[in-house]
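# Examination of the molecular architecture
Here is how the chains run, residue by residue.
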Amino acid sequence: QVQLVESGGGLVQAGDSLRLSCAASGRTFSTYHMGWFRQAPGKEREFVAGIHRNRVTTYYGDSVKGRFTISRDNAKNTVYLQMNSLKPEDTAVYYCAAGMPVMPTTSRSVNYWGKGTLVTVSS
């Protein structure tokens, strides 16, 4: 069992930066691939970024490539999402996800979800 708790969301202006954190419980964090998804009002949940348990291999959704960076600190059981050059269309609830053995790049490949943190980007 893995419990995920997101933090760091808030209200920012377009062009600002924000860093989300996801703290995981349990001693098995390092064995999971981790990811971030987001869901805007009236839209389906979409993949944002993923990081392999090797801490090196990363994947990004097309809409955030070059602006967002995912990283993880296995010693702290935490995964991060650094979001730069934020746009109003980035407004959504952001969810942390854990997956094994498959990288969580789709909702079906997620074993555990966090409850989400809201990011609002004003124009």
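You'll find the structure just up there.
What comes next is a walk through the structure. Computed from a predicted structure; not experimentally measured.

### Regarding the sheet that holds strand 8 (residues 78-83)
With antiparallel pairing, four strands are arranged side by side in an open sheet as 1-3-8-7. Both edges of this open sheet fall to strand 1 (4-7) and strand 7 (68-73), since each of them pairs with a single strand only. Taking each pair of neighbouring strands and ignoring which way they run, the sheet shows an average axis angle of 15°. Relative to strand 8, strand 3 (residues 18-24) runs antiparallel, the two sharing six bridges. The residue of strand 8 that forms the bridge with Leu18 is Met83.

### Description of the state of the cysteines
One covalent bond between the sulfur atoms of two cysteine residues makes up a disulfide. Tallied over the full model, the rule gives one disulfide. Cys22 shares a disulfide with Cys96; S-S distance 2.1 Å. Judged by the torsion about the S-S bond (-85°), the Cys22/Cys96 disulfide is left-handed. On the criterion of sequence distance, the pair formed by Cys22 in strand 3 and Cys96 in strand 9 (residues 92-99) is long-range, its members being 74 residues apart. In this structure Cys22 comes out as buried when scored by relative accessible area, which is 0%.

### A short note on unusual backbone geometry
Note: most peptide bonds trans; most residues except glycine with negative phi. Cis geometry marks the peptide bond from Met100 to Pro101; its omega dihedral reads 5°. Within the fold, Pro101 resides in the loop between strand 9 and strand 10 (112-113). Residue Arg55 is not a glycine yet carries a positive backbone phi of 70°. Position of Arg55 relative to the elements: it lies in the loop between strand 5 (46-51) and strand 6 (58-60). Of note, Asn77 is a non-glycine position whose phi angle comes to about 55°, a positive value.

The rules behind the values
Residues numbered from 1 in each chain as written. Predicted model: local features only at pLDDT ≥ 70, side-chain atom pairs only at ≥ 80, totals over all residues. Heavy atoms only, no water. Pairing = 2+ DSSP bridges. Helix = DSSP H or I, 4+ residues; strand = E, 2+ residues; numbered from the N terminus. Axes fitted to C-alpha atoms, helices over the stretch in contact; angles between N-to-C directions. Disulfide = S-S within 2.5 Å. Buried < 20%, exposed > 50% of the residue type's maximum accessible area, 1.4 Å probe, protein only.

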